[in-house]
Amino acid sequence: MSAPLPGRTLADLDGDVLAHCAGHLCARDVASLAMTCRPLHAAAYCDAVWYRLYRSPLSFSFLSLGDLVYSIIRQRLPRAIFTNRQVLQFLEQWPFQQVPRGALGIRELYIRRHTVVHQMKFNDPLSSIYYLDPTESAPSHLMLDRNDVWFSQGPVAKRLSLGWLNMELMETYKSHSARITCMSILISQIIPTNRHPLFRSDTHTNEKALVTSSTDRTVRLCWKGQSRCYKGHSGPVTALADKLLGDGEFKVLATGSEDCTIRLWSVSTRAKKHPLISTLHGHEKTLSLLSVAWHKPSLLVSISKDTKVKVWDTMAPPSSVSSSCVGGTHLNSSGPPVAIKCYQSLCYIAAGSEVTAIDLRTMKKASVLALRNQRILSCEMLPSEWLICTGIKDKVLLWDIRKSQELANTVAELHSDGPVALLHLDPYKVVTGAPWDGQVHVWETRTGHLVNTLSCNNPVKSAGRSTLSAMAVDGCRIITTGSSTEGSLLHYQDFLRSSVPVASSGKEVSKFWGPQEYDDEDSDDDH
């Protein structure tokens, strides 16, 4: 009996055969093929594959892909400077952009375009306006998540769906009898049935749950048309944890209240009748902020209005509530807490005129960023990039926490016409807003230069003084809410497909997003 033939894989096929097979795939499958192994990567990079995509009478995005590949072939750019997936992303996001001819490769062009889009350096974003009922409360707790906009008005929470040129009201949650104090979106793997846990790890379906707290002393969890009410606090609920505690299937929601307690709730439908797990005592003042430790998801960091910080082990048995507190310290700040952020084993807390970093392993202060005689009104932290941004009465201070903590050594000072109560920070930009300004300002994170100013009102009908009450930023998208002489409104702006850049002072800017170079060798044999 002859020995069995050795196993063969796609990588054993001849390169020309692989390229021929890849030529029958769509662009997305070709991108996936390039990520498997070196032989298939080489086949996916074959010019013939992309030329076939160009010649195929497929969708408009594929035709644009062909135009791009044809441009690459004409310029004889090295194939190793870009990946197929980046090319696909480039064309799917910006199909109408002209690819300039020059020294830059496709990967470099993609990165540059991605950067300026996320810095909102354009005058022509996709814009839509949603007018609010003037008889209802002013909106607050504004959130932007994918194609959904969430906000609250007094005791009511609403969800809008973003369309191409409009926003449509999809859901209204009238679960509370008094003003909503906190609101957040929890994204986890959910099975919305009454027979299984709400949050579990053995499903591949990601769902969103809206969590709201109120002065009516209750907490509401809403998802997929279902709702659950958590009752137990004896005072208004003032704090929600920034994410769920625990890992695996067992998930816990933490809330804080004016009754000076922290309560832990099970989000599993198995505990629907008795969701309260435990009540943590130890604070003497109203809870202000709650945050889950980054390095250990069972640890909860809490801070009250008197700036006392405590760390709790939420996996401790309910019978040992007194031993759940595993650490504490007092900041002795001159003002109430404003923001909290956990990263690795550190917890950054902004309160009064200081931003303090606490090592959660020792509960000692790792660093203190002090602003002399300046009260912090807003604060955003990006510890992964070593950046902290603080808003005060007339400016925003951007700090590199690796450098000296002296005021003179801030990365940048971003000036404002009023107290900076609204703030956003990411690796590309800083977005600032003052309540009485009626507009937001966009600054480069790296340089601190002002790159754009965006109106919060309808640019066609804007007249008179306007105000800004809330702001939410997600990548290259921003939504603001405020009021003017024409009433309250939500203004959504998306810069993803913008093409008209903001003019720099003293410079004439092309209508195209990048510099273009043309040579004198455009002969007929190119066509």
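Preceding block: the structure.
Residues numbered from 1 in each chain as written. Predicted model: local features only at pLDDT ≥ 70, side-chain atom pairs only at ≥ 80, totals over all residues. Heavy atoms only, no water.

A.B. asks: It is not clear to me how the sheet that holds strand β17 (residues 325-330) should be interpreted in this structure. Could you clarify?
C.D. replies: Sheets are built from strands that pair by backbone hydrogen bonding, the pairs being arranged parallel or antiparallel. If you trace the 4 strands from one edge of the open sheet to the other, you get β14-β15-β16-β17, paired in antiparallel fashion. Looking along the sheet, the strands with just one partner apiece sit at the ends: β14 (287-292) and β17. For this sheet the average axis-to-axis angle between neighbouring strands, irrespective of direction, equals 15 degrees. (Pairing = 2+ DSSP bridges. Helix = DSSP H or I, 4+ residues; strand = E, 2+ residues; numbered from the N terminus. Axes fitted to C-alpha atoms, helices over the stretch in contact; angles between N-to-C directions.)

A.B. asks: Even after reading the chapter, I still don't get the environment of I478, so can you show me in this structure?
C.D. replies: By the secondary structure assignment, I478 is in strand β31 (residues 477-484). As a C-alpha pair, I478 and Y492 span 14 residues in sequence and 5.9 Å in three-dimensional space. I478 has contacts with M120, L144, V431, V440, L454, M471, A472, V473, H491, Y492, Q493 and F495, leaving out every residue within four places of it along the chain. (Contact = heavy atoms within 4.5 Å.)

A.B. asks: Got a minute to help me understand helix α1 (residues 15-22) in this structure?
C.D. replies: Every α-helix carries 3.6 residues per turn, so stepping three or four residues along brings you back to the same face. The set of residues buried in α1 consists of L18, A19 and A22. Across the axial projection of α1, the buried residues extend over an arc of 100 degrees, all falling on one side. (Buried < 20%, exposed > 50% of the residue type's maximum accessible area, 1.4 Å probe, protein only. Arc of directions from axis to C-beta.)

A.B. asks: How should I be thinking about the nonpolar core in this particular structure?
C.D. replies: Generally speaking, a soluble globular protein has its nonpolar side chains buried in company with each other. Counting residues in each nonpolar core, the largest one holds 18 residues, and the members touching the most others are M120, V431, V440, L454, M471, I478 and F495. When contributions to this core are tallied by element, the ones reaching two or more residues are α7 (106-118), β28 (439-444), β29 (450-455) and β30 (467-474). The dominant element in this core, judged by the number of residues it contributes, is β30, at 3 residues. What V440 contacts, discounting residues up to four positions off in sequence, is V431, T432, G433, N452, T453, L454, C456, L468, M471, I478 and T480. (Core = buried A, V, L, I, M, F, W, Y, C linked by side-chain atoms within 4.5 Å.)

A.B. asks: Is there a simple way to explain the packing of aromatic side chains in this structure?
C.D. replies: If you walk through the whole model with that rule in mind, you get 3 aromatic pairs. Centroid distance Y230 to W265: 5.2 Å. Interplanar angle 35 degrees. Geometry classified as tilted. Residue Y230 is found in strand β9 (residues 226-231), and its partner W265 is found in strand β12 (residues 262-266); the two are separated by 35 residues along the sequence. Residue Y230 is classed as buried on the basis of its relative accessible area of 1%. The exposure class assigned to W265 is buried, which follows from its relative accessible area of 0%. The residue whose ring lies beneath R159 is W150, and the NZ or CZ to ring-centre distance is 5.8 Å. (Phe/Tyr/Trp six-rings, centres within 6.5 Å; stacked < 30°, edge-to-face > 60°. Lys NZ or Arg CZ within 6 Å of the ring centre and 35° of its normal.)

A.B. asks: Explain the pattern of salt bridges to me, please; I cannot follow it from the model alone.
C.D. replies: Evaluated as defined, the whole model comprises 10 salt bridges. Across the pair K121 and E444 runs a salt bridge whose closest N-O atoms are separated by 2.6 Å. In this pair, K121 is assigned in the loop between α7 and β1 (126-131) and E444 in strand β28, connecting sequence segments 323 residues apart. Note on K121: relative accessible area 21%, which makes it partly exposed. We note a salt bridge from R159 to D148, for which the minimum N-O separation is 2.9 Å. Taken as a pair, R159 in strand β4 (residues 156-162) and D148 in strand β3 (residues 148-153) lie far apart in primary sequence, 11 residues in all. Given a relative accessible area of 15%, R159 falls into the buried group. One salt-bridge network, in which partners are shared between bridges, spans D148, R159 and E171. (Salt bridge = Lys/Arg side-chain N within 4 Å of Asp/Glu carboxyl O.)

A.B. asks: When you look at the sheet that holds strand β13 (residues 276-280) in this model, what are you seeing that I'm missing?
C.D. replies: Ordered by their spatial adjacency, 4 strands build an open sheet running β10-β11-β12-β13, and the pairing between neighbours is antiparallel. The strands lining the two open edges of the sheet, one partner per strand, are β10 (237-240) and β13. Averaged over all pairs of adjacent strands, the angle between strand axes in this sheet comes to 25 degrees, irrespective of strand direction. Examined bridge by bridge, strand β11 (residues 252-257) and β12 share 5 bridges and lie antiparallel to one another. Within β12, the residue paired with A254 across the bridge is L264.

A.B. asks: Would you take a moment to explain unusual backbone geometry for this structure?
C.D. replies: Despite not being glycine, C260 shows a phi value in the positive range, around 70 degrees. One non-glycine residue, M363, adopts positive backbone phi at about 60 degrees. Position of M363 relative to the elements: it lies in the loop between β20 (354-359) and β21 (364-370).

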